[in-house]
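Fold and geometry: a report
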Amino acid sequence: DAGVIQSPRHEVTEMGQEVTLRCKPISGHDYLFWYRQTMMRGLELLIYFNNNVPIDDSGMPEDRFSAKMPNASFSTLKIQPSEPRDSAVYFCATKSAGNSPLHFGNGTRLTVT
Amino acid sequence: SQQGEEDPQALSIQEGENATMNCSYKTSINNLQWYRQNSGRGLVHLILIRSNEREKHSGRLRVTLDTSKKSSSLLITASRAADTASYFCATDAVETSGSRLTFGEGTQLTVNP
């Protein structure tokens, strides 16, 4: 298995533009998580899905952020409109169930100028 | 407040020495996990210790858990330059039972050759 695949690896955009981050989970993993990592706040959970259904989106900063999981093979995190304070590394992570460990992608480094 | 706080924030040692990192948390947990992050990469799972376990070993890693003090430690023995990375503890809280992890702020370990 290729692991969790995220794209793009780097994204540089201007304030006000729409940004879409993509994640392909490990096949058979029922849980998918979106995390954001910054120096100031560390790793923050934004939202997670179980069997493609959003379970907890309480970490999503505001209405500018949205996430979807249309099927078991794909998830997106969208920011519209983007702001400079959204600059961070965004990670997608998946796991099979229960107490199994998380498998992380290599992240998308987002820079909003 | 942050669940899972590592101590120290940064640690610099010589190759061959042992490295000890500590983690404190606030709520009741099902398990505690340690992850490693190399620069520019996603987190990688190292070891999981359940709440009814006190100590666990995996290769050069030794993890202890004291639920009465709500603390854990990660010991890396005979460190190598390749162990240079950030190390994070993550807690699986009873209240969210198996569905999500909360990460600490991490310890940056530097092993000098």
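Look above for the structure.
Structural notes, computed from the coordinates. (Residues numbered from 1 in each chain as written. Chains lettered and ligands numbered in written order. Predicted model: local features only at pLDDT ≥ 70, side-chain atom pairs only at ≥ 80, totals over all residues. Heavy atoms only, no water.)

1. A look at the overall build of chain B
Counting secondary structure elements, chain B contains 0 helices and 11 strands. Mapped from its N terminus to its C terminus, chain B presents α and β elements in the order β-β-β-β-β-β-β-β-β-β-β. A compact globule built from 113 residues would reach a C-alpha radius of gyration of about 13 Å, and chain B, at 13 Å, matches this within 12%. In terms of principal-axis extent, the alpha carbons of chain B reach across some 45 × 30 × 20 Å. When the 113 residues of chain B are sorted by exposure, 45% land in the buried category. Pairs at least 24 residues apart make up 57% of the contacts formed inside chain B by residues separated by at least 6 positions. Of the accessible surface of chain B, which amounts to about 5200 Å², a share of 44% is contributed by carbon and sulfur atoms. In chain B, the 12 positive side-chain charges and the 12 negative ones have mean positions that sit 5 Å from each other. (Helix = DSSP H or I, 4+ residues; strand = E, 2+ residues; numbered from the N terminus. Rg over C-alpha atoms; globule rule 2.2 N^0.38 Å. Buried < 20%, exposed > 50% of the residue type's maximum accessible area, 1.4 Å probe, protein only. Contact = heavy atoms within 4.5 Å. Areas by Shrake-Rupley, 256 points an atom, 1.4 Å probe, with all protein chains shown as cover. Lys, Arg positive; Asp, Glu negative; His and termini not counted. Charge placed at Lys NZ, Arg CZ, Asp CG, Glu CD.)

2. Focus: the pattern of salt bridges
With the rule as written, the count across this model stands at 12 salt bridges over all chains. For the salt bridge of Glu18 of chain A with Lys78 of chain A, the shortest nitrogen-to-oxygen distance reads 3.8 Å. With Glu18 of chain A in the loop between β2 (10-13) and β3 (19-24) and Lys78 of chain A in strand β8 (residues 74-79), the pair connects residues that are 60 residues apart, well separated along the chain. Between Glu55 of chain B and Arg62 of chain B there is a salt bridge, with its nearest N and O atoms 3.1 Å apart. Assessed through its relative accessible area of 41%, Glu55 of chain B is described here as partly exposed. Each of the salt bridges in this network shares a partner with another, and the network as a whole consists of Glu62, Arg64, Glu83, Arg85 and Asp86 of chain A. (Salt bridge = Lys/Arg side-chain N within 4 Å of Asp/Glu carboxyl O.)

3. Quick look at the pairing of strand β9 (residues 88-95) of chain A
All names here are of chain A. The element β9 is largely enclosed, with a buried count of 8 among its 8 residues. Pairing of strand β4 (residues 31-38) with β9, which is carried by 7 bridges, proceeds in the antiparallel orientation. Across the sheet, Tyr31 pairs through a bridge with Lys95, a residue of β9. As paired elements, β9 and strand β11 (residues 108-112) share 3 bridges and run antiparallel to each other. Directly across from Ala88, in β11, lies its bridge partner Leu110. Pairing analysis gives 2 bridges linking β9 to strand β10 (residues 103-104), with the strands arranged antiparallel. Among the inter-strand pairings, Ala93 is bridged to a residue of β10, identified as Phe104. (Pairing = 2+ DSSP bridges.)

4. Quick look at the state of the cysteines
Residues and elements named next belong to chain A. Throughout the structure, instances matching the rule amount to 2 disulfides over all chains. With a sulfur-sulfur separation of 1.9 Å, Cys23 is cross-linked through a disulfide to Cys92. Note on the Cys23 and Cys92 pair: the S-S dihedral is about -65 degrees, so by sign convention the disulfide is left-handed. In this pair, Cys23 sits in strand β3 while Cys92 sits in strand β9, placing the two residues 69 residues apart along the sequence. (Disulfide = S-S within 2.5 Å.)

5. Here's the deal with the nonpolar core
Formed by 21 residues in total, the largest nonpolar core has its most connected members in Trp34, Leu77 and Tyr90 of chain A. Contributing elements (two or more residues each) for this core: β3, β4, β5 (42-50), β7 (65-71), β8, β9 and β11 of chain A. Discounting chain neighbours no more than four positions away, the residues touching Tyr90 of chain A are Gln6, Leu21, Tyr35, Arg36, Leu46, Phe65, Leu77, Ile79, Gly107, Thr108 and Leu110 of chain A. In this structure, Ile13, Tyr25, Ile49 and Cys89 of chain B belong to the second largest nonpolar core, which totals 20 residues. (Core = buried A, V, L, I, M, F, W, Y, C linked by side-chain atoms within 4.5 Å.)

6. With respect to the environment of Leu65 of chain B
Residues and elements named next belong to chain B. For Leu65, the location among the structural elements is in strand β7 (residues 61-66). In sequence terms Leu65 and Ser86 are 21 residues apart; their C-alpha atoms lie 20 Å from each other. Once residues lying within four places of it in the same chain are set aside, the contact partners of Leu65 are Tyr25, Ile29, Leu32, Ile49, Arg50, Ser51, Glu53, Arg54, Ser71 and Ser72.

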